[in-house]
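Understanding the architecture of this molecule
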Amino acid sequence: DAGVIQSPRHEVTEMGQEVTLRCKPISGHDYLFWYRQTMMRGLELLIYFNNNVPIDDSGMPEDRFSAKMPNASFSTLKIQPSEPRDSAVYFCASSPRRAGGELFFGEGSRLTVL
Amino acid sequence: DAKTTQPTSMDCAEGRAANLPCNHSTISGNEYVYWYRQIHSQGPQYIIHGLKNNETNEMASLIITEDRKSSTLILPHATLRDTAVYYCIVQGAGGTSYGKLTFGQGTILTVHP
């Protein structure tokens, strides 16, 4: 299994531009999570999906952030417009549903907004 | 969610056992103890989890005290590649809590030759 695949690995953009981060979960996993990591706040959950349906988006910082999961094998996290404070590493993780099941994280997308 | 307390950093000699402690005195009866680690510039990696009983897998052992208020992650023979930040997380496994891991600051484990 290839694991969770994220793209791009690195993104540098200017303030005000739209950013789209992509994630391919592990086949057969029906949970997908988006986390963000910064030096100040550490790792924090932004949103998660179950069977392609958003379940909890309470961690999404503001309306500039949106996430979609059009099918079981693809999800996007979009920031529009981007701001310098959005600079962070964004991780996607997937999980099979089982009691106490573990999350499998991707390698992350490092975003720098100038 | 229950809060965890971990030492900020620890050192370990290569080949020796690394014992990483975690306090979670407010843990609820249905909450699991999870351990993840994050090697520099990589995504977090699952290590092990447990509810009441001690657990062992190919990576580590997890010892949970009888009152469940603390636990210890044991890496039996640490290698240089085990240098990472280790996170102890307490989380419910059911309903809307599933997968909603609350990462603290973790313990920076440095394995030296």
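Please refer to the structure placed before this passage.
Residues numbered from 1 in each chain as written. Chains lettered and ligands numbered in written order. Predicted model: local features only at pLDDT ≥ 70, side-chain atom pairs only at ≥ 80, totals over all residues. Heavy atoms only, no water.

Quick notes on unusual backbone geometry
Generally, phi is negative for residues other than glycine and the peptide bonds are trans, each holding for most cases. Cis rather than trans, the peptide bond between A:Ser7 and A:Pro8 has omega equal to -10 degrees. Among the structural elements, A:Pro8 can be located in the loop between strand S1 (5–7) and strand S2 (10–13). The residue A:Asn52 is not glycine, and still its phi comes out positive at about 75 degrees. In this fold, A:Asn52 is placed in the loop between strand S5 (42–50) and strand S6 (53–56). Even without being glycine, B:Ser41 reaches a positive phi, approximately 70 degrees. According to the relative accessible area criterion, B:Ser41 is partly exposed, its value standing at 46%. (Helix = DSSP H or I, 4+ residues; strand = E, 2+ residues; numbered from the N terminus. Buried < 20%, exposed > 50% of the residue type's maximum accessible area, 1.4 Å probe, protein only.)

So, the sheet that holds strand S8 (residues 74–79) of chain A
All names here are of chain A. Pairing in this open sheet of four strands is antiparallel, and the strands run S1-S3-S8-S7 from one edge to the other. Whereas interior strands pair on both sides, the edge strands pair on one side only; in this sheet they are S1 and strand S7 (65–71). Shown here is a sheet whose adjacent strand axes are inclined to one another by a mean of 15 degrees, direction ignored. Where S1 and strand S3 (residues 19–24) come together, three bridges link them in antiparallel fashion. Paired with Ser7 across the two strands is Arg22, which belongs to S3. (Pairing = 2+ DSSP bridges. Axes fitted to C-alpha atoms, helices over the stretch in contact; angles between N-to-C directions.)

Some remarks on the state of the cysteines
Tallying each qualifying case throughout the model produces two disulfides over all chains. Between A:Cys23 and A:Cys92 runs a disulfide, and the two sulfur atoms are separated by 1.9 Å. In this structure the cystine formed by A:Cys23 and A:Cys92 twists about its S-S bond by roughly -70 degrees; its chirality is therefore left-handed. Within this pair, whereas A:Cys23 is found in strand S3, its partner A:Cys92 is found in strand S9 (residues 88–95), the two being separated by 69 residues in sequence. Grouping residues by exposure puts A:Cys23 and A:Cys92 together as buried. One disulfide in the model links B:Cys22 with B:Cys88; its S-S distance is 2.1 Å. Judged by the torsion about the S-S bond (-80 degrees), the B:Cys22/B:Cys88 disulfide is left-handed. One end of the pair, B:Cys22, is in strand S2 (residues 18–23); the other, B:Cys88, is in strand S8 (residues 84–92), with 66 residues separating them in the sequence. Just as B:Cys22 is buried, B:Cys88 falls in that class too. Of all cysteine sulfurs, the one in B:Cys22 lies closest to B:Cys12, which takes part in no disulfide; the gap is 18 Å. (Disulfide = S-S within 2.5 Å.)

Scope: geometric values only; no functional claims are made or implied.
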